[in-house]
Amino acid sequence: MTIAVDFDGTIVEHRYPEIGPERPFAIDTLKMLIADHHKLILWSVREGKLLDEAVEWCRERGVEFYATNKDYPEEEGPSNNNHYSRKLKVEMFIDDRNVGGLPDWGTIYRMINEHKTYDDIIMERMGAHHQYEQPKKKHWWKR
């Protein structure tokens, strides 16, 4: 899976333009996702020196991204490519600005690794996952 990951507020606490402290288990989870053969793209509002600092901060902690602010490492920017789009072609975004906020990194890992939704995990925690199963749809010929 190709996954875009925000930096400020997601990997580290939001202190932009400074780099805040790591959010609990962010780096460990990113390393596990890389070990599971996911392609991680750092997707940040940071540019230039500030972006370089964020990439280096992650690199020093053992996280190497597949690409940074683009779909693949060799992608050319807008000045060299008439078909350039800042919209990433990924299966998932991990960002603190998600509707509902950012789940803890353990939950994020479970969602990706176990192919579960956030609701699935919440229902499991409540011990009610069996109560909310959708009834099976009848086929049109059985009506």
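Residues numbered from 1 in each chain as written. Predicted model: local features only at pLDDT ≥ 70, side-chain atom pairs only at ≥ 80, totals over all residues. Heavy atoms only, no water.

J.: Where do I start with the side chain of Thr29 in this structure?
T.: Relative to the elements of secondary structure, Thr29 occurs in helix H1 (residues 26-35). On the basis of relative accessibility, which here comes to 5%, the residue Thr29 falls in the buried class. Here Thr29 is in contact with Trp105 and Tyr109, once residues within four sequence places are set aside. (Helix = DSSP H or I, 4+ residues; strand = E, 2+ residues; numbered from the N terminus. Buried < 20%, exposed > 50% of the residue type's maximum accessible area, 1.4 Å probe, protein only. Contact = heavy atoms within 4.5 Å.)

J.: What exactly am I supposed to notice about unusual backbone geometry here?
T.: With glycine set apart, most residues show a phi of negative sign, and most peptide bonds adopt trans. Cis peptide bonds are those with omega within 30 degrees of zero, and the linkage from Tyr16 to Pro17 qualifies with 10°. Assignment of secondary structure puts Pro17 in the loop between strand S1 (2-5) and H1. Positioned with a positive phi, Phe25 is a non-glycine residue whose angle comes to about 70°. Counting through the fold element by element, Phe25 comes out in the loop between S1 and H1. Residue Phe25 is classed as exposed on the basis of its relative accessible area, which comes to 58%. A positive phi angle is found at Asn69, which is not glycine, with a value near 55°. With respect to the element layout, Asn69 can be found in the loop between strand S3 (67-68) and strand S4 (92-94).

J.: Where do I start with the pattern of salt bridges in this structure?
T.: One side chain can pair with another of opposite charge once the charged atoms of both are near each other. Taken as a whole, this structure holds twelve salt bridges when the rule is applied. Note that Arg59 is salt-bridged to Glu56, the shortest N-O span being 3.2 Å. Of the two residues, Arg59 and Glu56 both sit in helix H2 (residues 48-60), three residues apart, roughly one turn of that helix. Exposure remark for Arg59: the relative accessible area of 39% places this residue in the partly exposed category. The salt bridge partner of Glu114 is Arg110, with a shortest N-O separation of 3.1 Å. Residue Glu114 is classed as partly exposed on the basis of its relative accessible area, which comes to 35%. Residue classification places Arg110 among the partly exposed positions, given a relative accessible area of 24%. The network of salt bridges with common partners includes Arg110, Glu114, Lys116 and Glu124. (Salt bridge = Lys/Arg side-chain N within 4 Å of Asp/Glu carboxyl O.)

J.: What am I meant to see in the environment of Asp6 here?
T.: Relative to the assigned elements, Asp6 resides in the loop between S1 and H1. Overall, Asp6 belongs to the buried group, its relative accessible area being 10%. Between the alpha carbons of Asp6 and Asp96 there is a distance of 7.6 Å; along the sequence they are 90 residues apart. Only 3.1 Å separates the side chain of Asp6 from the side chain of Thr10, close enough to count as a polar contact. (Polar contact = N/O pair within 3.5 Å; in protein donor to acceptor, adjacent residues only side chain to side chain.)

J.: Looking at this structure, I do not really get the nonpolar core. What am I missing?
T.: Side chains of a nonpolar character, in soluble globular proteins, are inclined to be buried together. Within the largest apolar cluster, 24 residues are counted, with the highest numbers of intra-cluster contacts made by Val5, Phe7, Ile11, Leu30, Ile94 and Trp105. At the level of elements, S1, H1, strand S2 (39-42), H2 and helix H3 (105-113) are the ones that each hand at least two residues to this core. With near-sequence residues (within four places) excluded, Ile94 lies in contact with Ile3, Ala4, Val5, Asp6, Thr10, Leu102, Trp105, Ile108 and Ile112. (Core = buried A, V, L, I, M, F, W, Y, C linked by side-chain atoms within 4.5 Å.)

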